[in-house]
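Structural features, examined
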Amino acid sequence: MGEYRGRQGCGGGRRFPRGGRAFLAAALIGAAMLPSAAGGQDAPNPGLADTTTEERAQAAPATGEQPRDAPSSEVGRPPASGFWAGMSQTAVQLRDLGLKGDMTYKNFSFFKDTPNDPRNFGNEGIFHLQWDRELTEWASFSIKGEARQDDRRFTRGVRTRVPDNLLHRRMVDLMESYLKLTLPGDTQLTMGKLIYTWGKGEFYSPTDNMSPYDYLDVIDRLKEPVYSGELSKTFETSTGPVDLSVIFIPFFTPARDPLAQSRWTPATTFIPGVGDSVPGDVNAQRRVTPGREAKNMQYAVRARKTIGKVDVSVSYFYGFEYLPVVQKNPTGSTTTFVPVYRHMQAPGIDFETTVDKFVIKGEAAWKFGDRELKDSRFQGLIGVRYTRDDIWTQWLKKLTVDFEHNRQEFISSKNPQFIVSGSFLNGFRNSGSGGIEFEFNPDQTFNRETKFRVAGSVDWSQSANYWLQYQLTVKPVEDYTLETGFDVFAGEQTTFWGEWRNNDRFYFKMTRLF
């Protein structure tokens, strides 16, 4: 892809990919689509203004059309007209067919060069289209497709693979898509590509082991679906209902690690995804993923119940950790370093309860390596979230403060043949993570929604190192969301967050739901 030099007075001669200009043009066109305050926006639905696309779809009448009643403050506003009216009508027609989706533009602007990647700008365009359909009273399906492109070399081709162990994202892909059946006894069977999110942690959950992450951008990470089947049923007991889920995953899907020539791979290592624990001048080979043999199938089970005012879950996972460790293979006078995946058995438990304005939560997992790497670890977290909506100023609608402490301890000694100290989970061996969020009163900001959040994580396992994010989220009209902010990294080069200290950046995201 061709490149040109920017002017010295604007970016100091840093490179800007030509493909980014097309994305910027798309962003300007999208901004032009925003209706004016004089009456170009469609009438909002106050009951749905703060909900997700899925929640809006569930709240819709049987016809799929969204209610469009305007609040009293909006009465008399001229109806939408022209292009915006056409867009609104198109969205309603799509919902009538059971279709919904979103379009997102992202820009990332870095302030410093890195040895692995001198590019300072990155742009992404993403399009999702989802079709939900009820076939009978006992059968329904959902299909979600994705089309994306970027100028950060994250996306390549349209070829797919089962399981998905490709290094790059695909330009066209099938995301979370499944068939759901209601069996006798009110048992639910769901089969397809599914995303599982277990646990209570916002930054890292020890019991969340089934669906891997896409770490091509470590901070802007994506949850990936896995081919699987799930049986779920609610049992009535003398002490109340118990929700039981059993999951079967026939193929292992690894996390998508940063590319070798990426600013998210430290220059001190040749092995992406395992941190800087591996020297950069060693004989390193490509990762080895588990095959599709029956012995590599994965299983999980979870039971959930409310005891008094406490929600409790007990779980068990049998399978592979989706992030690699490094195996050292001595051969004569040389040693080869190979990324491999540890197999483990992981019983876990989590809880959450509300006390006045506080939500208190906790989670723990015991991970026992049961094959080549026979180390055992305890991972846990304790957290609290405080929410207050009776704020002392008319500008604020809600204040939220949250904090989590993560801890990891080895129960049994580590195998010296493996290097286990370089994965992305190591930022949570002894860490504090959290944030503070201000949600402003719409009457004062003239937006549907305005939030400002400061979040971050501090790693205490080494000399102090941290990541901070400052984020402003604005919903100027219904179905549009704008996000902008900064990511900041600090610490010594050899620490978890410090290895990315040259990745301070500004970002901007615009999403349109339909």
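What this report covers is the structure whose coordinates are included nearby. (Residues numbered from 1 in each chain as written. Predicted model: local features only at pLDDT ≥ 70, side-chain atom pairs only at ≥ 80, totals over all residues. Heavy atoms only, no water.)

Regarding the environment of Lys193
To be explicit about the condition: Think of it this way: any DSSP run of H or I at least four residues long counts as a helix, any run of E at least two long counts as a strand, and we number them from the N terminus. Burial classes: relative accessible area under 20% of the type maximum marks a residue as buried, over 50% as exposed, and values in between as partly exposed (1.4 Å probe, protein chains only). Contacts between residues were defined by any pair of non-hydrogen atoms, one from each residue, lying within 4.5 Å.
Checked against the element boundaries, Lys193 lands in strand β8 (residues 187-194). For Lys193, a relative accessible area of 9% translates into the label buried. Sequence-wise, Lys193 and Tyr178 are 15 residues apart; in three dimensions their C-alpha atoms are separated by 5.9 Å. For Lys193, the residues in contact, after removing those within four places along its chain, are Asp173, Leu174, Met175, Glu176, Ser177, Tyr178, Pro225, Val226 and Tyr227.

Some remarks on a nonpolar patch on the surface
Filter applied, for reference: Put simply, a patch holds well-exposed residues, over 30% relative accessible area, that have no salt bridge, with like charges counted together within 9 Å and Val, Leu, Ile, Met, Phe, Trp or Tyr side chains within 5 Å. For the accessible areas, the method is Shrake-Rupley and the probe is 1.4 Å, while residue cover comes only from the protein chains on display. Only one rule defines a salt bridge in this text: a Lys or Arg side-chain nitrogen within 4 Å of an Asp or Glu carboxyl oxygen.
A cluster of nonpolar side chains, namely Val355, Phe358, Ile360, Ile382, Val384, Phe403 and Trp460, defines an oily patch on the protein surface of about 580 Å² accessible area. Among the elements of the structure, β19 (358-369) and β20 (376-388) are those that each provide at least two residues to the nonpolar patch. On the basis of relative accessibility, which here comes to 42%, the residue Trp460 falls in the partly exposed class.

A closer look at the environment of Ser431
Mapped onto the fold, Ser431 is located in strand β23 (residues 430-440). Taking C-alpha positions, Ser431 is 5.5 Å from Val458, a pair spaced 27 residues apart along the chain. Aside from chain neighbours lying at most four places away, what touches Ser431 is Glu404, His405, Asn406, Ser457, Val458, Asp459 and Trp460.

Re the sheet that holds strand β17 (residues 334-340)
Put simply, the rule reads: For two strands to count as paired, DSSP must find a minimum of two bridges between them.
The sheet built from 4 strands is open, its strands ordered β13-β17-β16-β22 with mixed pairing. Edge positions in the open sheet fall to β13 (283-284) and β22 (418-419), since each of these has one partner strand only. As judged from the 2 bridges shared by β13 and β17, these two strands associate in the parallel manner. Looking at the pairing, Asn283 lines up with Thr336 of β17.

Overview of the pairing of strand β27 (residues 505-513)
Extensive coverage of β27 is indicated by the burial of 7 of its 9 residues. Looking at chain direction, strand β3 (residues 99-110) and β27 are connected through 9 bridges and run antiparallel. Note on β27: the bridge partner recorded for Met103 is Arg512.

Overview of the pattern of salt bridges
Taken as a whole and judged by the stated rule, the model has 32 salt bridges. The salt bridge involving Glu404 is made with Lys361; its shortest N-O contact spans 2.9 Å. Residue Glu404 is located in strand β21 (residues 396-410), and its partner Lys361 is located in strand β19; the two are separated by 43 residues in the primary sequence. With relative accessibility at 6%, the residue Lys361 sits in the buried group.

With respect to the nonpolar core
Worth spelling out the cut-off: Note on terminology: a nonpolar core comprises buried Ala, Val, Leu, Ile, Met, Phe, Trp, Tyr and Cys residues joined through side-chain atoms within 4.5 Å.
In terms of nonpolar packing, the biggest core is built from 23 residues, with Trp264, Tyr322, Phe489, Trp497 and Trp500 touching the most fellow members. Residues in contact with Trp497, not counting those within four places in the same chain, are Ile219, Ser457, Asp459, Asn465, Tyr466, Trp467, Phe489 and Ala490. Grouped together as the second largest cluster of nonpolar side chains are 11 residues, Tyr196, Ala300, Met344 and Ala346 included.

Section: the packing of aromatic side chains
Geometrically, a pair of aromatic rings is defined through the distance of the ring centres and the angle of the planes. Using the following cut-off: Put simply, two rings from Phe, Tyr or Trp (the six-membered ring, in Trp's case) pair if the centres are within 6.5 Å, and we call them stacked under 30 degrees between planes, edge-to-face over 60, tilted for the rest. Placement of a positive charge over a ring is assigned whenever Lys NZ or Arg CZ falls within 6 Å of the ring centre and within 35 degrees of the normal to the ring plane.
Inspection of every chain in the model, using the stated rule, returns 21 aromatic pairs. Arranged with centres 5.4 Å apart and planes meeting at 75°, the rings of Phe496 and Trp500 form a pair that is edge-to-face. Side by side, Phe496 and Trp500 carry an identical accessibility label, which is buried. Among the aromatic residues, those joined into a ring-pair cluster are Trp264, Trp467, Phe489, Phe496, Trp497 and Trp500. Over the aromatic face of Phe235 sits the side chain of Lys233, whose NZ or CZ is 5.5 Å from the ring centroid. Over the ring of Phe110 we find Arg263; its NZ or CZ atom is 4.0 Å from the centre of that ring.

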